Amino acid sequence: MLEVRNVESYYGPIMAIRGVSIDVEEGSIVTLLGANGAGKTTVLKTISGALEPQKGSVSFEGQDVTAKEPDIIARRGVAHVPEGREVFPFLSTEENLRMGAYTQRSTGLTDDLETVYGYFPQLHEHRKLAAGFLSGGQQQMLAIGRALMLRPKVMLLDEPSLGLSPRLVHEIAEIVVRLNEERGVTVLLVEQNAKMALGIARYGYIMESGRVVMEDSTERLAQSTDVQEFYLGMKAGGVRGRRRWKKRKTWR
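One non-glycine residue, Arg151, adopts positive backbone phi at about 55 degrees. As for its position among the elements, Arg151 is in the loop between helix H6 (136-148) and strand E7 (154-158). You can call Arg151 partly exposed: its relative accessible area is 41%. Positioned with a positive phi, Glu159 is a non-glycine residue whose angle comes to about 50 degrees. Inspection of the secondary structure assignment puts Glu159 in the loop between E7 and helix H7 (166-183).

So this is what it looks like as structure tokens:
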């Protein structure tokens, strides 16, 4: 459904991603793991059209969407849930949700709202409250619900667990799985919470310094010594610090 081929994107003179290639199959949950600054967010921005690549290509359902305007890509069914939620703080919860449906005809809007409220009952309870007064977890629910109003085929989720308690992380993960299974939404999930991401995705890519350094099924990634040490915290900190450079080089 989604193909990224040899993409290079820059912020000014700084190359953020270097020859990245990934595939996302229809109906799947694919995760993109890596530390801060690895280039994960840049990949999502390049796919959604928020950032224009200097090299490479992006295709969606067999059609080239490289460097297309974000609204064009969104209309084709790609919804981007950005890092940090980025809700409209002075609009009500329901007004935020309606903003997510700006590309849709008014027909069915009420049904779409009811669908979102079914997944996120807390949003219904606070539908008239300004979004800026919602908790961090509720704002994350709102950001995902707003994307769902687009009736997406693919949802790009950027760090949905960021700043949330373990309970809320588990709740968000369950909802992502439900959207995938019940609504057929394909998901590309960017995460630093490797345990959560590997638990719900079926295939994964690991990025460092703007490059993909490893890819495999999430089952095999979870068994990798490198992944266990660097992302699942299964080695002592002192050992990790001494061995990290060598381990990174073995991935390349």
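Next comes the rest of the description.
Following the criterion strictly, the structure yields one aromatic pair and no others. Centre to centre, the rings of Tyr203 and Tyr205 are 5.4 Å apart; their planes meet at 65 degrees, and the pair counts as edge-to-face. The class of Tyr203 is partly exposed, set by a relative accessible area of 28%.

Right, let's get into the sheet that holds strand E1 (residues 2-11). Within the open sheet, the four strands sit side by side as E2-E1-E4-E5. Their pairing is antiparallel. On the outer flanks of this sheet lie strand E2 (14-24) and strand E5 (63-64), each paired with one strand and no other. Across five bridges, E1 lies against strand E4 (residues 55-60) in antiparallel orientation. Of the residues in E4, the one forming a bridge with Arg5 is Ser57.

Overall, mixed pairing links the six strands, which are arranged E6-E7-E8-E3-E9-E10 in an open sheet. Edge positions in the open sheet fall to strand E6 (78-81) and strand E10 (211-217), since each of these has one partner strand only. Across the sheet, the mean angle separating the axes of adjacent strands is 15 degrees when strand polarity is ignored. Packing of helix H1 (residues 40-48) onto the sheet brings it into contact with strand E3 (29-33), E6, E7, strand E8 (186-191) and strand E9 (203-208), and relative to E7 it is tilted by some 150 degrees.

For H7, with 18 residues, the first-to-last C-alpha span of 25 Å sits near the 26 Å given by 1.5 Å per residue. Restricting attention to buried positions, one finds in H7 the residues Leu168, Val169, Ile172, Ala173, Ile175, Val176, Leu179 and Asn180. Angular distribution of buried residues about the axis of H7 spans 160 degrees; they occupy a single face of the element. With respect to the buried face of H7, the exposed residues turned more than 90 degrees away are Pro166, Arg167 and Glu181. For H7, the elements touching its buried residues are E3, helix H4 (109-119), H6, E7, E8 and helix H8 (194-200).

As a further point, take the pairing of E1. Pairing between E1 and E2: seven bridges, direction antiparallel. Of the residues in E2, the one forming a bridge with Tyr11 is Ile14. Hairpin geometry of E1 and E2 is characterised by an intervening segment of two residues between the two adjacent antiparallel strands and by a positive phi of about 65 degrees at Gly12.

About the cut-offs
Residues numbered from 1 in each chain as written. Predicted model: local features only at pLDDT ≥ 70, side-chain atom pairs only at ≥ 80, totals over all residues. Heavy atoms only, no water. Helix = DSSP H or I, 4+ residues; strand = E, 2+ residues; numbered from the N terminus. Buried < 20%, exposed > 50% of the residue type's maximum accessible area, 1.4 Å probe, protein only. Phe/Tyr/Trp six-rings, centres within 6.5 Å; stacked < 30°, edge-to-face > 60°. Pairing = 2+ DSSP bridges. Axes fitted to C-alpha atoms, helices over the stretch in contact; angles between N-to-C directions. Contact = heavy atoms within 4.5 Å. Expected span 1.5 Å × (residues − 1). Arc of directions from axis to C-beta.

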